[in-house]
Amino acid sequence: DDVGLGRRMKCSLCTKALKKIQVLAGDNPDEAAVTAALKKGCRLLGRLLGKQCQKLVSRYREQISQGLQDGDTPRDICTAMGFCKA
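Rules used throughout
Residues numbered from 1 in each chain as written. Predicted model: local features only at pLDDT ≥ 70, side-chain atom pairs only at ≥ 80, totals over all residues. Heavy atoms only, no water. Helix = DSSP H or I, 4+ residues; strand = E, 2+ residues; numbered from the N terminus. Buried < 20%, exposed > 50% of the residue type's maximum accessible area, 1.4 Å probe, protein only. Areas by Shrake-Rupley, 256 points an atom, 1.4 Å probe, with all protein chains shown as cover. Core = buried A, V, L, I, M, F, W, Y, C linked by side-chain atoms within 4.5 Å. Expected span 1.5 Å × (residues − 1). Disulfide = S-S within 2.5 Å.

- Looking at an unreviewed UniProt entry, the chain carries the name NKL protein, with the source organism given as Tyrannus savana.

What follows is the structure, given as structure tokens:
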């Protein structure tokens, strides 16, 4: 079904984007490292995914930043934001 497909697409996009951002932010990132990684991470996904990534990041910046600083996995963060099923 379209809704499930849309959610899966969002889940995989979200986790893919956050994995890149997490690597860029490094281990034990502070807010500045996460902010820099958020800017750079979306660009690495290419034009189409990068645009969707930017929307995701601008809408959920606080949650993503907090999750990464807390050491949550990309999957956990995306689930908490409602993109992936628990």
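The rest of the description comes next.
## Some words on the overall build of the chain
- Broken down by element type, the chain carries four helices and zero strands.
- If you list the helices and strands of the chain from N to C, you get α-α-α-α.
- Here the chain, with 86 residues, has 36% of them falling under the buried criterion.
- About 5600 Å² of surface is accessible on the chain, with carbon and sulfur atoms providing 51% of the total.

## Quick look at the nonpolar core
- Counting 22 residues, the largest nonpolar core has Cys14, Leu18, Ile21, Val57, Ile64, Met81 and Phe83 as its most contacted members.
- Counting residues per element, the ones that place at least two in this core are helix H1 (2–25), helix H2 (31–43), helix H3 (47–70) and helix H4 (74–80).

## A word on the environment of Glu62
- Residue position: Glu62 is located in helix H3.
- Overall, the relative accessible area of 58% leaves Glu62 in the exposed class.
- The spacing of Glu62 and Thr35 is 27 residues in sequence and 10.0 Å in space, taken between C-alpha atoms.

## Structural notes on unusual backbone geometry
- With a phi angle near 55 degrees, Asn28 is a residue other than glycine that sits in the positive phi range.
- Relative to the helices and strands, Asn28 resides in the loop between H1 and H2.

## A short note on H2
- Here H2 is 13 residues long and its end C-alpha atoms lie 19 Å apart, about the 18 Å a rise of 1.5 Å per residue gives.
- Residues of H2 that are buried include every one of Val34, Ala37, Leu38, Gly41 and Cys42, and no others.

## Brief notes about the state of the cysteines
- Following the criterion strictly, the structure yields three disulfides and no others.
- Here Cys11 pairs with Cys84 through a disulfide, and the sulfurs are 2.0 Å apart. The S-S bond linking Cys11 to Cys84 shows a torsion near 100 degrees; that makes this disulfide right-handed. Of this pair, Cys11 sits in helix H1 while Cys84 is found in the segment after H4, placing the two residues 73 residues apart along the sequence.
- Judged by its relative accessible area of 11%, Cys11 is buried.
- In this model, Cys42 is linked to Cys53 through a disulfide, with the two sulfur atoms separated by 2.0 Å. Here Cys42 and Cys53 share a disulfide; its torsion about the S-S bond, -70 degrees, makes the bridge left-handed. With a gap of 11 residues between them, Cys42 in helix H2 and Cys53 in helix H3 connect regions that are remote in the sequence. This pair shows no difference in class: Cys42 is buried, exactly as Cys53 is.

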